[in-house]
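# A closer look at the structure
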Amino acid sequence: MSRRDDRRQRIEDAFAEFQRAVSAALGSVAREHRALATEHAKDMFEFTVRGMGVDKALQDVALKDVTPFLTVDEKRTKNPRRAPLSMSQFDERLAQIKHDWEQSFHEWTSTGPEQLAELVNSVAAGPASWPHESWLGHPGTHDGSEGVPELWRIGTGVVTSAPTAAPFPVAVPLLDQAHLHISSTSDSRQLADTLVETLLLRVLSHFQPGLVHVHVWDVGQLTGSLPGLYPLTRANLLTVHDPARLHELLDELSEHIRQVHTKVLVDGHLTVRSVSGEGRRTEPWRVAVLFGNRKALKEDQQQQLQRVARNGLACGVQLFIVDIPITINSPVETVSLRSDGSATCTMTGKHVTVTLDPALPRTLVPRACAAIAEKREERRSRMGKFEDLLPDRPWTENSSAGVIAPVGFDDGEQVCVQLGDTSPHALIGGPSGSGKTNFLYAMLGSLCARYSPNELELYLLDFKEGVSFAQFAPGRKDPSWLPHARLVGVNVNTDREFGVALLRFLSDEMRRRADAAKQHEVTKLEHLRAEDPTGLWPRIVAVIDEFQYLFGERDQVTAAATQLLEDVARRGRSQGIHLVLSSQDVSGIEGFWGKSAIFEQFTVRIALPKARRVLAEPQNDAAVELPRWHAVINHESGVKPGNEICRIPDSTAKGTMDSLQLDLWNREKGRAPGLFDGSKIPLIDAVTDFSDLRPGDASPTVLLGQVIDVAGSAARVRFARTPGRNIAVIGSVVQDAAAVLGGAAASLGRQHRAHEAVFTLACLVEEAMPSALHLAKRLSADGHDASVVTINGIKDVLTRTAAELQSINTGQSEAPLKPHYLVLYGVDAAQTLLEQKDPATRMSGVDSLRTVLKHGPENHTHVLGWWRGVTRLKASLPPGVYDDIGAWVAFDVQGKELLSLGPEQVMSWSPRPRRGLFFDRFEHSRPQVIIPFDTGEAP
Ligand SMILES: Nc1ncnc2c1ncn2[C@@H]1O[C@H](COP(=O)(O)OP(=O)(O)OP(=O)(O)O)[C@@H](O)[C@H]1O
């Protein structure tokens, strides 16, 4: 080998060595690079898988052929030597990711679905969530008093990305809580219909038939939507609306919402639910289902629908909106159906896939609806009696915010009258025989059954000649009374003063309540009750039947009645005092319509058939067409939209109000009501003011009769030892005079011990003798010295008495005189006799009488005399000086004749049988009408 060759060989070797070294180095770099690329690919894989979600990644076809780690060049050249990394190279990472996935879902999977199932079961028991086998076909029984299911089941959900599918029930809030908005595709629209139908049947089957009304409107079809529900139409539980008349449905719903606001949501309540409290739902739900076609509604309809949505939930209006694009500014649950039939909903969020419950069996749905309709019809025909107005349990309601009473039925549903701060007083009208009294019984029965006597007091006044309210007070045949009645006034037609007395009493009570409220720094009864929970502040309902009598004349009684009525009508509302006025014909009552301040307060109007002017005529003529035993109940001052027409049950027949009264009376009798019966004369021995009289008072009280007031108090005069304390009775009828004198003397008799006082009864007219003898007997029986003298003895009595008084006056005698009462029947009959002068002393009997009248009272000597006319009385008195008669009772004497004896108000007195006008100069500023007592004298 030449040296040259040798050198070449060495060079070649060296190159070979170099190449080996270089390729070794390159090989190791490539390995390094590949290892790094693999790691990077795994990272990328993990990043991608975690990023897109394990569940999705596992389904992803692209990921099966993963080549993210090829370099750009390699991708470009598609190096055939390099096979793509198979998934197995990611197994380790995938296992880790899966483990982490399972771990993160572990808690949810093991407990979540179960908890949700329990939750749904507890807040949505029964038809609200259970399988249809347990309820479909059985009409609901709930009346809302047990609450409303908080959720209503729609299907089954699974968390879309969970490692294991753990299904759980999906339910949505509805009634009062949220509307429902469903959107579907053309492929899934059928499912939307199914969802609506199932939900409606759940709701309809939960509540008593009648508590849920369904309205359906479908833009695309006149009929055909929800066909299974059609049997409901015959019971008026389903109304299908014309596709072209969405505005009518929306108007109807808006009007309904308005009415609920004005009639139901009063006294601070914001929702029907809060009004119903724990009781029966008072206002049925109205579910309006609107099927659209994915096109927007017209602008005005859209706005109206939004308004209904906004205000509806509080008023029981529930919307199911299907495929109508709309935004709603109130709670709404959305269910979005995809073409494949799966759904998402806002209740569970986008990560839960909901599979809606399958449709209810085709044949069972109409059958279930028919059963609901039938039950409703049955209930409707059954509901309508007096008992149906009454609650299951009596006396459970609270009257703080007002009182509410079902009074009749419309389509089997109760229609109520409400009295509260916003509807304070009621006006009832209807001609004779139209059922006013019956209506009042229905209302009073319903009220009394709901509210205990601590919550509600009644003052009942009947101007009619009859006995409408008499049964509410204890009677001879029936000893029971209405425990709520504090006062019953019957046959008051001639005693309009009693109406004034009642209004005055209410006005005083109103003031007392206002003062109490002021002390607690509140202004109305509801707040006073909250501030003073132990105080007794019942609502007062005062009923005046045939109240037009109150305004019957143009006199002071009418003036006083008008003024007091205005006072109570305007200010009674906040103090829980409510007036219910009823009349055959309210149209001509000047005192009522003449004062807007009065009638404006009577926002509740009740018109019986053919009633005139109770409603806002002529626009509202609903009363004209009203069938028999029906009434228009209107809480909006009689304007047409406020009309509610209902049938009033017979509430006066035997076994209705009378039985209720007996039941309530047996439950708690309380105090018997005061009774004022204008046709009866009060028996003196039954009058408390009389039986309460006792000996011992130095200035005894004389009772002259009964004042026409709420308390039934006696008219009284105190016989103080001051001038003028004598009493004159003026009138021509012996019966009236004898009743007053007899009652007065008997009351004096009760205040003296035996033989302590002397009674001289002078009977100067023959027809008074039986009365004088009766009185003498009564006084003697009580141990008093009572003698009867006739006209023959009168002069002597007067002369002797006058002499005794003179001797005391002149100091000749000091011995105080025994109380001496001279009861003189028909003084004027002895006038001629008394005018004769004694020839020796030149004194006449009239002089003696004047002396007795003048000086007697200071010395326990009082005259109780009867004169048969004013002039005749004046003849017994010094000319022009009438002071010695301090008190008088006049009967058949015209007012103007009495002017010289009393204030100008006496002018308006028109005499009427068995009523007297009483005036005590010392005590009164105005005269009072009194009823003389029955002293037990046989007629
Ligand atoms: N809803 C009703 N169902 C059955 N009968 C009724 C009903 N309402 C009233 N009646 C009967 O009609 C008659 C007259 O009724 P009611 O006395 O209530 O009328 P009114 O308007 O008060 O008449 P009046 O003013 O003459 O007293 C009574 O016999 C009563 O029983």
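Worth saying up front: this structure is predicted, and the values here are computed from it rather than measured. (Residues numbered from 1 in each chain as written. Predicted model: local features only at pLDDT ≥ 70, side-chain atom pairs only at ≥ 80, totals over all residues.)

Around the ligand, a shell composed of 14 residues is seen, among which Ser-432, Gly-435, Thr-437, Asn-438 and Trp-629 lie nearest. Within the shell around the ligand, the residues separate by chemical class into three nonpolar, nine polar and two charged. (Near = placed C-beta within 6 Å. Nonpolar A, V, L, I, M, F, W, Y, C, P; charged D, E, K, R; others polar.)

Strand order in the open sheet formed by ten strands is 2-1-10-9-8-3-7-6-4-5, and the pairing between neighbours is mixed. In the strand order of this sheet, the two ends are held by strand 2 (168–172) and strand 5 (238–241), each with one partner. Taking the axes of each pair of neighbouring strands and ignoring which way they run, one obtains an average angle of 25 degrees across the sheet. Pairing of strand 8 (residues 332–337) with strand 9 (residues 343–345) involves three bridges; the strand directions are antiparallel. Among the inter-strand pairings, Val-335 is bridged to a residue of strand 9, identified as Cys-345. (Pairing = 2+ DSSP bridges. Helix = DSSP H or I, 4+ residues; strand = E, 2+ residues; numbered from the N terminus. Axes fitted to C-alpha atoms, helices over the stretch in contact; angles between N-to-C directions.)

In this section: the pairing of strand 25 (residues 758–763). Burial analysis of strand 25 places six of its six residues in the buried class, the great majority of the element. Sheet topology places strand 25 next to strand 26 (residues 785–790); six bridges connect them, and they run parallel. Note that in strand 26 the partner of Ala-762 across the bridge is Val-789. In terms of handedness, the path from strand 25 via helix 19 (residues 769–781) over to strand 26 forms a crossover that is right-handed. (Buried ≥ 20, exposed ≤ 12 C-beta atoms within 10 Å, placed from the backbone. Right-handed = clockwise from strand over helix to strand, strands pointing away.)

Before going further, it helps to examine the environment of Ala-401. By the element assignment, Ala-401 lies in the loop between helix 9 (364–382) and strand 11 (402–410). Here the alpha-carbon distance between Ala-401 and His-269, two residues 132 residues apart in the chain, equals 9.4 Å.

Right, let's talk about the packing of helix 20 (residues 791–809) against helix 22 (residues 845–855) for a bit. Where helix 20 meets helix 22, the axes come as close as 8 Å, and the angle between the chain directions of the two elements is 50 degrees. Comparing their axes, helix 22 and helix 20 come out oblique. Of the two possible hands of crossing, helix 20 and helix 22 adopt the one that is left-handed. Between helix 20, through Lys-795, Leu-798, Thr-799, Thr-801, Ala-802, Leu-805, Gln-806 and Asn-809, and helix 22, the contact on the second element is made entirely by Gly-845, Ser-848, Leu-849, Thr-851, Val-852 and His-855. Each residue belonging to the contact of helix 20 with helix 22 can be placed in one class, and the counts come to five nonpolar, eight polar and one charged. (Parallel < 35°, antiparallel > 145°, perpendicular 65-115°, else oblique. Left-handed = near helix turned anticlockwise from the far one by under 90°. Contact = placed C-beta atoms within 7 Å.)

Within a sheet, each strand pairs with its neighbour through backbone hydrogen bonds, oriented either parallel or antiparallel. Pairing within the open sheet is mixed, and its ten strands lie in the order 23-22-31-30-29-24-28-27-25-26. Across the chains shown, the open sheet's two edge strands, defined by having one partner strand only, are strand 23 (714–718) and strand 26. With strand direction ignored, the average angle separating the axes of adjacent strands in the sheet is 25 degrees. Bridge count between strand 29 (residues 887–890) and strand 30 (residues 916–920): four bridges; the pairing is antiparallel. Bridge pairing in strand 30 links Val-889 to Phe-918. Its contacts with the sheet put helix 18 (residues 734–749) on strand 22 (701–707), strand 24 (727–730), strand 25, strand 27 (820–825), strand 28 (861–867), strand 29 and strand 30, and the angle it makes with strand 22 is roughly 135 degrees.

Right, let's get into the environment of Val-893. Inspection of the secondary structure assignment puts Val-893 in the loop between strand 29 and strand 30. Note on Val-893: 23 C-beta atoms within 10 Å, which makes it buried.

Here strand 24 shows two buried faces, one formed by Ile-727 and Val-729 and the other by Ala-728 and Ile-730. One ladder, built from four bridges, connects strand 24 with strand 29; its direction is parallel. Bridge pairing in strand 29 links Val-729 to Val-889.

Over its 15 residues, helix 10 (residues 436–450) extends 21 Å from the first C-alpha to the last, a length consistent with the 21 Å expected when each residue adds 1.5 Å. Taken across its 15 residues, helix 10 has 15 buried, putting it largely inside the fold. (Expected span 1.5 Å × (residues − 1).)

A few words now on the nonpolar core. Proteins that are soluble and globular tend to have nonpolar side chains buried together. In terms of nonpolar packing, the biggest core is built from 175 residues, with Leu-741 and Ala-745 touching the most fellow members. The leading source of residues in this core is helix 18, at ten residues. Built from parts of two domains, this core gets at least three residues from each of domain 3 (411–677) and domain 4 (684–931). Beyond its immediate stretch of four places on either side in the chain, Leu-741 contacts Val-729, Val-823, Tyr-825, Leu-864 and Trp-866. (Core = buried A, V, L, I, M, F, W, Y, C linked by C-beta atoms within 7 Å. Domains from an automatic or database assignment.)

Take unusual backbone geometry next. Cis peptide bonds are those with omega within 30 degrees of zero, and the linkage from Glu-617 to Pro-618 qualifies with 5 degrees. Tracing the sequence through the fold places Pro-618 in the loop between strand 18 (604–607) and strand 19 (630–634). Residue Glu-546 is not a glycine yet carries a positive backbone phi of 55 degrees. With respect to the secondary-structure elements, Glu-546 resides in the loop between strand 16 (539–545) and helix 13 (556–571). Looking at Glu-546, the number of C-beta atoms within 10 Å reads 24, which means it is buried. Even without being glycine, Arg-613 reaches a positive phi, approximately 70 degrees.

The UniProt feature table records "binding site: ATP" (unreviewed entry) at Gly-430, Pro-431, Ser-432, Gly-433, Ser-434, Gly-435, Lys-436 and Thr-437. In this structure Gly-430 comes out as buried when scored by C-beta crowding, with 28 C-beta atoms within 10 Å. Sequence-distant contacts of Gly-430, defined by excluding residues within four places in its chain, comprise Gly-435, Lys-436, Ala-607, Leu-608, Pro-609, Lys-610 and Ala-611. In this fold, Lys-436 is placed in helix 10. Among residues more than four places away in sequence, those in contact with Lys-436 are Ile-428, Gly-430, Ser-582 and Leu-608. (UniProt positions renumbered as here; feature names shortened; annotations may be inferred.)

With that settled, consider helix 19. Across its 13 residues, helix 19 extends 18 Å between first and last C-alpha, which sits within 8% of the 18 Å expected from 1.5 Å per residue. Inspection of helix 19 places Ser-771, Ala-772, Leu-775, Ala-776, Arg-778 and Leu-779 among the buried residues, and these make up the whole buried set. Here the buried residues of helix 19 occupy an arc of 165 degrees about the axis, which is enough to place them on one side. Of the surrounding secondary structure, the elements contacted by the buried residues of helix 19 are helix 18, strand 25, strand 26 and strand 27. Directly beyond the C-terminal end of helix 19, a positive phi value near 90 degrees is found at Gly-783. (Arc of directions from axis to C-beta.)

Turning to the packing of helix 5 (residues 189–206) against helix 9, a few remarks are in order. It is at 11 Å that the axes of helix 5 and helix 9 come closest, and there the two elements cross at 30 degrees. Taken together, the axes of helix 5 and helix 9 are roughly parallel relative to one another. The handedness of the crossing between helix 5 and helix 9 comes out as left-handed. Of the residues in helix 9, those in contact with Glu-197, Leu-201, Leu-204 and Ser-205 of helix 5 are Val-365, Ala-368 and Ile-372.

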